[in-house]
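Letter by letter, the chains look like this.
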Amino acid sequence: MPAAAPTTVVFDLGGVLVDWDPRYLYRQLFDDPDEMESFLAEVTTADWNAHQDAGRPWAEAVELLVAEHPERRELIEAFHRRWPEMLAGEVEGTVEVLAELHGTGVRLLALSNWSTEMFPFALARFDFLGWFEGIVISGDVGVNKPDPRIFEHLVEHFRVEPADAVFIDDSPANVEAATALGFRSILFTDAAALRLELMRFGLLPAVSARSRQPQNV
């Protein structure tokens, strides 16, 4: 007997619906791309940023890093002061998929690693965030994906049954964590592949290749 279609879809935000990348800012601040990459890899590292996603205040984070790299103060401060410039816009095609899901009436939730201080910039910019019944932000919870505790927070707060939910994320580690907790999971690569996976779960109607062909008029 085939499994029933999920009743809830849980989206990651950054990298799935929102195109965020520090390079959008730092390409304006570095003439040499290699120097920029070294700065992002060795100074404002992903691990450093993850602490802000887990709730560390930005002012504290900047001063800690400036103490280690005083000659880079202006560039480090830019990560905080000019953070909105790292948001390029929507990930191509994915918001259209979200809109289709929204139109079906399926329950929509979001679970994202994001700084509490910075998330209001996204809320003000992206109207589609209002389509979600609820959004869990790691900075509010104090723990990042793939830690099981943030998934458990989502489950308890929104009364989600993992077996009845699909979790979508572009991080293999996050997808593995969700799967281990009983979610049906999709590793996001692009909007077209996501639509096919959602069709497979019975959440979107299948579209035949013939129906996608342009009609002669």
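Right above here is the structure, for reference.
In short, a report on the structure. (Residues numbered from 1 in each chain as written. Predicted model: local features only at pLDDT ≥ 70, side-chain atom pairs only at ≥ 80, totals over all residues. Heavy atoms only, no water.)

1. A few points about the environment of A46
Here is step 1 of the chain: Residue placement: A46 occurs in helix α3 (residues 46–53).
Here is step 2 of the chain: Separated by 66 residues in the primary sequence, A46 and S112 place their C-alpha atoms 15 Å from one another. (Helix = DSSP H or I, 4+ residues; strand = E, 2+ residues; numbered from the N terminus.)

2. Thoughts on the packing of aromatic side chains
Here is step 1 of the chain: Counted by the stated rule, this structure contains 17 aromatic pairs.
Here is step 2 of the chain: On the numbers, 5.4 Å between centres and 85° between planes, the contact of W48 with W58 is edge-to-face. In this pair, W48 sits in helix α3 while W58 sits in helix α4 (residues 58–68), placing the two residues ten residues apart along the sequence.
Here is step 3 of the chain: Judged by relative accessible area, which is 6%, W48 ranks as buried.
Here is step 4 of the chain: A relative accessible area of 0% places W58 in the buried class.
Here is step 5 of the chain: Ring geometry for W58 versus F79: centroids 5.7 Å apart, planes at 25°, classification stacked. Taken together, the residues span a long stretch of sequence, with W58 in helix α4 and F79 in helix α5 (residues 73–81) at a distance of 21 residues.
Here is step 6 of the chain: Taken together, the ring pairs in this structure connect Y26, F30, F39, W48, W58 and F79 into an aromatic cluster.
Here is step 7 of the chain: Against the face of F201 rests R200, its NZ or CZ located 4.6 Å from the ring centre. (Phe/Tyr/Trp six-rings, centres within 6.5 Å; stacked < 30°, edge-to-face > 60°. Buried < 20%, exposed > 50% of the residue type's maximum accessible area, 1.4 Å probe, protein only. Lys NZ or Arg CZ within 6 Å of the ring centre and 35° of its normal.)

3. Section: the layout of surface pockets
Here is step 1 of the chain: By volume, the largest pocket is sized at about 600 Å³.
Here is step 2 of the chain: Of all the elements in the fold, those that place two or more residues in the lining of the largest pocket are α2 (33–42) and α3.
Here is step 3 of the chain: Element by element, the count of residues in the lining of the largest pocket is highest for α3, at four residues. (1 Å grid on protein atoms, 1.4 Å probe; cavity = no way out; pocket = protein on both sides within 12 Å on 5 of 7 lines; lining within 4 Å. Points joined across faces, edges and corners; volume = space filled by probe spheres on them.)

4. Considering helix α10 (residues 172–180)
Here is step 1 of the chain: Among the residues of α10, N174, V175, A177 and A178 are the ones counted as buried. When α10 is viewed along its axis, its buried side chains cluster within an angular range of 160° and face the same direction. Within α10, the exposed residues directed more than 90 degrees away from the buried face are E176 and A180.
Here is step 2 of the chain: In the segment just after α10, G182 is the residue with positive phi, at about 105°. (Arc of directions from axis to C-beta.)

5. A closer look at the pattern of salt bridges
Here is step 1 of the chain: One pass over the full model with this rule turns up eleven salt bridges.
Here is step 2 of the chain: R107 serves as the salt-bridge partner of E133, at 2.7 Å between the closest nitrogen and oxygen. With E133 in the loop between α7 (119–125) and β5 (134–137) and R107 in strand β4 (residues 107–112), this pair connects stretches of sequence that are 26 residues apart.
Here is step 3 of the chain: Because the salt bridges share partners, they merge into one network encompassing D12, K145 and D169. (Salt bridge = Lys/Arg side-chain N within 4 Å of Asp/Glu carboxyl O.)

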